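# Chains, contacts and geometry: an overview
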Amino acid sequence: MATSSSPITQVSQTPAHVNLHQPQLLTRLLLDLRGKRYEVDRETIMNLPESVLLCLFPNGLVLSRQSAALDGGDEDEEDVYAVDFDPDCFQFVLSFFRTASETFYGTDTFPGLFSAQQHLLDASPNDFSNPPPSQNPLISKQAIIVLREELEYFSIPPKDGSVKIDQNGLAGEALANIKRRCGDYLMEKKSIFTALQRNVNKENNVAEQHLIDMLCMSGFDREDEWGFRALEPSRCCISSIALVLLKTGITHHPGGEKAVEVDYQQMATAQKLLLFWRKPARKCWWDGLDIELPPSGNDEGRIIKLWARRVWTLELSLI
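How each quantity is defined
- Residues numbered from 1 in each chain as written.
- Predicted model: local features only at pLDDT ≥ 70, side-chain atom pairs only at ≥ 80, totals over all residues.
- Heavy atoms only, no water.
- Pairing = 2+ DSSP bridges.
- Helix = DSSP H or I, 4+ residues; strand = E, 2+ residues; numbered from the N terminus.
- Axes fitted to C-alpha atoms, helices over the stretch in contact; angles between N-to-C directions.
- Contact = heavy atoms within 4.5 Å.
- Expected span 1.5 Å × (residues − 1).
- Buried < 20%, exposed > 50% of the residue type's maximum accessible area, 1.4 Å probe, protein only.
- Arc of directions from axis to C-beta.
- Polar contact = N/O pair within 3.5 Å; in protein donor to acceptor, adjacent residues only side chain to side chain.

## Describing the sheet that holds strand 8 (residues 237-245)
Read from one edge of the open sheet, 5 strands run 7-8-6-12-11, paired in antiparallel fashion. Single-partner strands in this sheet number two, and they are strand 7 (228-231) and strand 11 (281-293). Within this sheet the neighbouring strands show an average axis-to-axis angle of 20°, counted without direction. Those strands touched by helix 5 (residues 87-105) are strand 6 (143-156), strand 7, strand 8 and strand 12 (302-318), and its axis lies near 5° from that of strand 8. Lying over the sheet, helix 9 (residues 194-203) contacts strand 11 and strand 12, oriented at roughly 90° with respect to strand 11.

Here you go:
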């Protein structure tokens, strides 16, 4: 059969190879978090808070197999991404998000909360509904408040000559021991709001007091402790994170005459947190204390000036 000279016909008869070198979209990622392996699917990764993703992938998240597509590598060999992030913290976040999702959307054995409140999406708007129910993500999604703290601390011992640095300006054993003990001291201070409330009382900062009040009306308690808290390896730094379900004002009464009730005043308070959805906000302040370190081994007790630079990151996640 003669081949047509028409360029359109010629193109249609030629196999298209334009997609041969397109990057393959990953369905899962293999992560190496400080020597501990995790296999996580793409949807789980994308549901994580943006502030956490930024810590996991400071140079950006790659969800396609660029290397195999470009250099002809073995497509069956999966890439492992080395991540400098605490694996226990990662597991804490994964577990909390998984439990929250199963409670809200249900599993194979129970329907979950969303099925009981789904009718609210079809409800007629009232004077308290802003936005209307059909446009309110707090009805159709599970909302989680994410609060993180990065704490860098600096120990200033008394000038009595007992604690010195070496000729290279590095901490000697005595000073290094003080730093370790100060880290242990701060690790025991697990209350979330104590340091910020201390700053409020000292500076009479109304905005900071409003922040505490808003968080405590939305899911936190004033006596809450950090859900996860750990010293970073080889650094005078402590990382903490707290996760709570947002109080939306929707109350479930299984088996009751009215299965679901809505407190629209609480819903209005919860909707203020939507400002932080995909828009993490940061706050930084310095906190200084004189602490007394008790005697330990060969190290005598002493009073230390301990400065801490605290950086809070607040975010709302919808899953």
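## Some thoughts on the sheet that holds strand 3 (residues 36-41)
The strand order 3-2-5 describes an open sheet built from 3 strands, whose pairing is mixed. Strands at the two margins of the open sheet, each flanked by one partner only, are strand 3 and strand 5 (80-83). When strand polarity is set aside, the average angle formed by the axes of neighbouring strands in this sheet is 30°. The pairing of strand 2 (residues 28-33) with strand 5 spans 4 bridges and is parallel.

## Topic: helix 5
A rise of 1.5 Å per residue sets the reference length of helix 5, with its 19 residues, at 27 Å; its end C-alpha atoms lie 27 Å apart and thus fit the reference within 8%. Within helix 5 the residues assigned to the buried category are Pro87, Cys89, Phe90, Val93, Leu94, Phe97, Ala100 and Phe104. The buried side chains of helix 5 occupy one side of the element, clustering within an arc of 165° when seen end-on. The N-cap residue of helix 5 is Asp86: its side-chain oxygen and the backbone nitrogen of Asp88 are 2.8 Å apart. The positive-phi residue at the C-terminal boundary of helix 5 is Gly106, with phi of around 90°.

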